[in-house]
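Here's the letter readout for the chains.
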Amino acid sequence: MSTRGSARSCLDSRDIVALTDVKLKGFKGWQSYNLHIGTSGGPLLAIVHEYEGGKKHKVKVYLAALQANTLP
């Protein structure tokens with residue numbers, strides 16, 4: 001399990017991660033985005049789909065729907 005401020009050397013597919021006070025930035029098409037998640041209401045839980053280590057840790061995750069019978 002990783003601790004706050006550090007990342008484990010290897011995450012596997014289907015691992016569960018808790019995101020707390022995380023700042024995300026990136027590009028979706030030509031638009032850039034900035035997100036700050038997991039600050040109010042506790043950590044955000046997600047399931048790891050892909051993980052790429054190195055200088056920048058890249059993680060693709062599945063998020064649970066907040067309401068029943070809806071897609072995220």
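Everything quoted here is computed from the prediction, not taken from an experiment. (Residues numbered from 1 in each chain as written. Predicted model: local features only at pLDDT ≥ 70, side-chain atom pairs only at ≥ 80, totals over all residues. Heavy atoms only, no water.)

Draft legend 1. A look at the overall build of the protein. Assigned secondary structure in the protein consists of zero helices and five strands. Sequence-ordered secondary structure for the protein, helices as α and strands as β, is β-β-β-β-β. When the 72 residues of the protein are sorted by exposure, 11% land in the buried category. Contacts spanning at least 24 positions in sequence make up 34% of the contacts within the protein whose residues lie at least 6 apart. Accessible surface computed for the protein: about 6,600 Å², of which carbon and sulfur atoms make up 56%. (Helix = DSSP H or I, 4+ residues; strand = E, 2+ residues; numbered from the N terminus. Buried < 20%, exposed > 50% of the residue type's maximum accessible area, 1.4 Å probe, protein only. Contact = heavy atoms within 4.5 Å. Areas by Shrake-Rupley, 256 points an atom, 1.4 Å probe, with all protein chains shown as cover.)

Draft legend 2. View of a nonpolar patch on the surface. Taken together, the side chains of Ile-16, Leu-45, Ile-47 and Tyr-62 define a hydrophobic patch exposed on the protein surface, amounting to about 430 Å² of accessible area. Relative to the assigned elements, Tyr-62 resides in strand β5 (residues 58-63). (Patch = residues over 30% accessible without salt bridge, like charges linked within 9 Å, V, L, I, M, F, W, Y side chains within 5 Å. Salt bridge = Lys/Arg side-chain N within 4 Å of Asp/Glu carboxyl O.)

Draft legend 3. Looking closely at the sheet that holds strand β4 (residues 44-52). The three strands are arranged β1-β4-β5 in an open sheet whose pairing can be described as antiparallel. Bordering the open sheet on either side are β1 (16-19) and β5, each of which pairs with just one other strand. Between one strand axis and the next, the sheet turns through 55° on average, direction left out of account. When β1 meets β4, the two strands line up antiparallel, connected through four bridges. Of the residues in β4, the one forming a bridge with Ala-18 is Leu-45. (Pairing = 2+ DSSP bridges. Axes fitted to C-alpha atoms, helices over the stretch in contact; angles between N-to-C directions.)

Draft legend 4. Structural detail: unusual backbone geometry. Although it is not a glycine, Arg-14 adopts a positive phi angle of roughly 80°. Located in the positive-phi region is Asp-21, a residue other than glycine, with phi close to 55°. Counting through the fold element by element, Asp-21 comes out in the loop between β1 and β2 (22-28). A residue is classified by how much of its surface remains accessible, and Asp-21, at 36% relative accessible area, is partly exposed.

Draft legend 5. Geometry of the pairing of strand β3 (residues 31-37). Two elements, β2 and β3, share seven bridges in a ladder whose sense is antiparallel. Within β3, the residue paired with Lys-25 across the bridge is Asn-34.

Draft legend 6. A look at the environment of Leu-45. Structurally, Leu-45 can be placed in strand β4. Remark: the alpha-carbon pair of Leu-45 and Leu-19, spanning 26 residues in sequence, is separated by 6.3 Å. Setting aside residues up to four positions removed in sequence, Leu-45 forms contacts with Val-17, Ala-18 and Leu-63.

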